[in-house]
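# Close look at the chain arrangement
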Amino acid sequence: MQTILYISCSPRGSASHSLDFAEEFLTRLHQHHPTARIHNRDLAANPPTVVDAAFSNAILDPASPPEAFTQSETLIRELEDADALVIATPMHNFTVPAVLKAWIDQIVRIHRTFKSTPAGKVGTLQDRPVYILIASGGWFSGPSPTGTPAQPDFLTPYLTTILNTIGLRDIHIIALEGVTRGPAMLERAVSLARQSLDRILPPR
Ligand SMILES: Cc1cc2nc3c(=O)[nH]c(=O)nc-3n(C[C@H](O)[C@H](O)[C@H](O)COP(=O)(O)O)c2cc1C
């Protein structure tokens, strides 16, 4: 493994739980691949532009000027150059933050990262490991420890499906749930996340 692309989304800097756990995760991944270079694409610091008229028209008309895809090409090439992808993200309103959706809209591109075929959309990217690290204030994978029903989860099925669409199928998800519900719950979330980390990438 030569290059790890690390996509970060939280705007909360050192207060962020997803960024905090990502550091631990990347340290472990680096232990497994000591020569790998980590390339950070910080979507909170530099949000991709949202889909505008030029981009929409270029998607719909293959004869349109390639300039409309300049940003998209940069982001897709970063992805193509990576041997592994790490996405650290908050849950925002049951799904991905807007900056992550903006990135997805740039990298999931017809005739480039997927093809439309009679059998449906077929991804064109080579598969590689994708690690998704999620921080959420409450619980979505099941009820809370006190029995509050699980929130809807449009984050994990959406990210999995959209990454599958471009050919990325080797997906591993670690969620820190309940991180805003007091120190004991935060400690529990980190401890469970570390157990998942040890299963996915055993300590070395
Ligand atoms: C705009 C916004 C929406 C949020 N929506 C949810 C939500 O739907 N479900 C949830 O469990 N937590 C939600 N939270 C809480 C965050 O997931 C939580 O604060 C988490 O720690 C954010 O990740 P970070 O610490 O890496 O920034 C939301 C927070 C914000 C700011």
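Above: the structure in question.
The present account deals with the structure reproduced in this document. (Residues numbered from 1 in each chain as written. Predicted model: local features only at pLDDT ≥ 70, side-chain atom pairs only at ≥ 80, totals over all residues. Heavy atoms only, no water.)

## Concerning the side chain of His32
Put simply, the rule is: Put simply, DSSP marks the helices as runs of H or I at least four residues long and the strands as runs of E at least two long, and each gets a number from the N terminus on. Any residue under 20% of the maximum accessible area for its type is buried, any over 50% is exposed, and the rest in between are partly exposed; the area is computed with a 1.4 Å probe on protein chains only. In what follows, residue pairs with any heavy atoms lying within 4.5 Å of each other are defined as contacts.
Considering the arrangement of structural elements, one finds His32 in helix 1 (residues 17-32). According to the relative accessible area criterion, His32 is buried, its value standing at 14%. Once residues lying within four places of it in the same chain are set aside, the contact partners of His32 are Leu201, Pro202 and Arg204.

## Focus on unusual backbone geometry
Residue Asn93 is not a glycine yet carries a positive backbone phi of 50°. Residue placement: Asn93 occurs in the loop between strand 3 (84-90) and helix 4 (98-107). A relative accessible area of 73% means that Asn93 is categorised as exposed. Despite not being glycine, Phe94 has its phi angle at roughly 75°, a positive value. When its relative accessible area of 33% is taken as the criterion, Phe94 is described as partly exposed.

## Quick word on the site of the ligand
What counts, and what does not: Here, proximity means that at least one heavy atom of the residue falls within 4 Å of the molecule or strand. We define a polar contact as two N or O atoms separated by no more than 3.5 Å, with the added condition that, inside protein, one atom must be a possible hydrogen donor and the other a possible acceptor, whereas residues neighbouring each other in sequence contribute only through side-chain atom pairs. In this classification, the charged set is Asp, Glu, Lys and Arg, the nonpolar set is Ala, Val, Leu, Ile, Met, Phe, Trp, Tyr, Cys and Pro, and all remaining amino acids, among them Gly, are polar.
As a structural note, the neighbourhood of the ligand is formed by 17 residues, with Ser10, Arg12, Ser16, Ser18 and Gly138 the closest of them. Within the contact set of the ligand, an oxygen atom lies 2.6 Å away from a side-chain nitrogen or oxygen of Ser16. At 2.8 Å, a backbone N or O of Phe94 approaches an oxygen atom of the ligand. Taken together, the elements giving at least two residues each to the shell around the ligand come down to helix 1 and strand 6 (130-136). Looking at the shell around the ligand, its residues break down into five nonpolar, 11 polar and one charged.

## Points about the packing of helix 4 against helix 5 (residues 156-165)
Using the following cut-off: Orientation is described by lines fitted to C-alpha atoms, with helices fitted over the stretch in contact, and by angles between N-to-C directions that extend from 0 to 180 degrees. Angular relationships are summarised with four words: roughly parallel below 35 degrees, roughly antiparallel beyond 145, roughly perpendicular across 65 to 115, and oblique for the angles in between. The crossing is said to be left-handed when, going from far helix to near helix, the turn is anticlockwise and less than a right angle, and right-handed when the turn is clockwise.
Interaxial distance between helix 4 and helix 5 falls to 11 Å at its minimum, and their mutual angle equals 15°. Taken together, the axes of helix 4 and helix 5 lie roughly parallel to each other. Here helix 4 runs over helix 5; the crossing is left-handed. On helix 5, the residues touching Leu100, Lys101 and Ile104 of helix 4 are Tyr158, Leu159 and Ile162. Residues of the contact of helix 4 with helix 5, tallied by class, amount to five nonpolar, no polar and one charged.

## Focus: the pairing of strand 4 (residues 114-117)
Under the convention used in this document: Being paired, for any two strands, means DSSP has found at least two bridges between them.
Strand direction decides the pairing type here: strand 4 and strand 5 (residues 120-123), joined by four bridges, are antiparallel. When the bridges of strand 5 are listed, Phe114 appears paired with Gly123. Where strand 4 hands over to strand 5, the hairpin turn is made up of two residues, counted between the paired strands.

## Examining the side chain of Glu78
One can find Glu78 in helix 3 (residues 70-81). Using a relative accessible area of 13% as the deciding quantity, one classes Glu78 as buried. Once residues lying within four places of it in the same chain are set aside, the contact partners of Glu78 are Leu5, His39 and Arg41.

## Section: the nonpolar core
In globular proteins that are soluble, nonpolar side chains generally tend to be buried together. This is how the line gets drawn: Side-chain atoms within 4.5 Å are what join buried Ala, Val, Leu, Ile, Met, Phe, Trp, Tyr and Cys residues into a set we call a nonpolar core.
The biggest cluster of nonpolar side chains holds 31 residues, and the ones touching the most others in it are Ile7, Leu79, Leu85, Leu100, Trp103, Leu159 and Leu163. In terms of residue count, the dominant contributor to this core is helix 4 (five residues). Ignoring anything within four residues of it in the chain, the contact list for Ile7 reads Arg41, Leu43, Leu85, Val86, Ile87, Ala88, Leu100 and Trp103. Among the nonpolar cores identified, the runner-up in size contains 22 residues, and Ala22, Val86, Ile174 and Val179 belong to it.

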